[in-house]
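Secondary and tertiary structure notes
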Amino acid sequence: MTMTTAVEHHQARMQRVLEYIDQHLHDDLNLETLSSIAAYSKYHFHRQFTATFGLSVHRYILLARMKRASYRLVYRDTQSVTAIAMDAGYAAPDAFARSFRQQFGQSPSSFRKSPDWEPWHSAFTPLNDARSKLMQKTFTKDDVTIREVPSTPVAIMEHRGDPAALAATIQRFIAWRQLFSLHPRTHPTFNVWRSERRPESPADYSVDLCVGVPSSFEVKSEQVTAGEIPGGRCAVLRVVGNTDNLEPAALFLYRDWLPASGEEARDFPLYCQRLSLFPEVPEHEAVAELFLPLK
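Let us look at the structure shown here. (Residues numbered from 1 in each chain as written. Predicted model: local features only at pLDDT ≥ 70, side-chain atom pairs only at ≥ 80, totals over all residues. Heavy atoms only, no water.)

**Side note on the environment of Asp267**
Tracing the backbone through its elements, the reader meets Asp267 in the loop between helix H11 (247-261) and strand S7 (271-276). Linking Asp267 and Lys295, residues 28 residues apart in sequence, is a C-alpha distance of 8.2 Å. (Helix = DSSP H or I, 4+ residues; strand = E, 2+ residues; numbered from the N terminus.)

**A few points about helix H6 (residues 93-104)**
Its 12 residues place the ends of H6 16 Å apart at the C-alpha level, agreeing with the 16 Å of an ideal helix rising 1.5 Å per residue. Among all positions of H6, only Phe96, Ser99, Phe100, Gln103 and Phe104 are buried. Seen from one end, H6 has its buried residues packed into an arc of 110°, which puts them on one side. The exposed set on the far side of H6, more than 90 degrees from its buried face, consists of Arg98 and Gln102. (Expected span 1.5 Å × (residues − 1). Buried < 20%, exposed > 50% of the residue type's maximum accessible area, 1.4 Å probe, protein only. Arc of directions from axis to C-beta.)

**Considering unusual backbone geometry**
Working note: non-glycine residues mostly have negative phi, and peptide bonds are mostly trans. Between Phe278 and Pro279 the backbone carries a cis peptide bond, its omega angle lying at 10°. Within the element layout of this structure, Pro279 appears in the loop between S7 and strand S8 (287-293). The phi torsion at Ser181 lies on the positive side, around 55°, for a residue other than glycine. For Ser181, the location among the structural elements is in the loop between helix H10 (166-179) and strand S3 (189-193). Notably, Asn242 is not glycine yet its phi reads approximately 55°, a positive angle. Structurally, the position occupied by Asn242 is in the loop between strand S6 (232-240) and H11.

**A word on the sheet that holds strand S1 (residues 144-149)**
Across the sheet, 8 strands lie side by side as S1-S6-S8-S7-S3-S4-S2-S5; this open sheet has antiparallel pairing. Across the chains shown, the open sheet's two edge strands, defined by having one partner strand only, are S1 and strand S5 (225-229). For this sheet, the mean inter-axis angle between neighbouring strands, taken without regard to orientation, is 35°. Two strands pair when backbone bridges link them, and S3 and S7 are joined in this way by 4 bridges, in the antiparallel orientation. Residue pairing in the sheet places Phe190 in a bridge with Gln273 of S7. Sitting on the sheet, H10 touches strand S2 (152-160), S3 and strand S4 (206-212), and the angle it makes with S4 is about 20°. The strands touched by H11 are S1, S6 and S8; relative to S8, the strand with the most contacts, the crossing angle is about 40°. (Pairing = 2+ DSSP bridges. Axes fitted to C-alpha atoms, helices over the stretch in contact; angles between N-to-C directions. Contact = heavy atoms within 4.5 Å.)

Dropping the structure here:
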């Protein structure tokens, strides 16, 4: 086995572990189970995991469980704090609350009502860095299809300004959708990017949060407006896993695919449709399709 092949084999085994953790966050994720998934000795697996990802197995699992729990607290308010605590592997809500406060500086109830996103983002930097080591996908021209897309009436909640405040806008958008029973399973979810992901000034960041609605739907809200995602030819790139950051996929479309394709972009922004969402599915199974409108 060459050095390159050996490294790829090791990475594939470690990726199996991350995917298993994603799918079994509610289970007892002990060292013996995880080392068997990786097909490594349990006496060495924990050191290999730390060397590969930069944090211990225990720390990785804790952060992964806390990420799912925090999403459910803010975006799934029908679930009780107790149910979320149990699903995160805690025997009692007070133990979950102590751990949650230690991570984010807020109790679960306080975070649900008024989340402080800055320490939340900081706390998950090690987890995101660990996942990016193996979870980044390399795209090829064969991953892109050209599709004739129908126009879609949508209700739009705009986010304008610092991207650090986007999570709060998403929270309001979900609450508004729930009022009108616009569930993602029956009404498609779109993001339309009207600025760069990281503009020079955070104040210039601009994205529309959209939900597909019937053409007869009347929007009666100061926060939400009626609009349309226009139909036409689009280059479509499907992304599975790591859909929190679609920038690598967008860069591939603009930098690699578009110049080589002979196509020209149409006068409408890049947008995506969220086909399956975390935490409804494990993070590595989340799916989004990126649409680049073409002339």
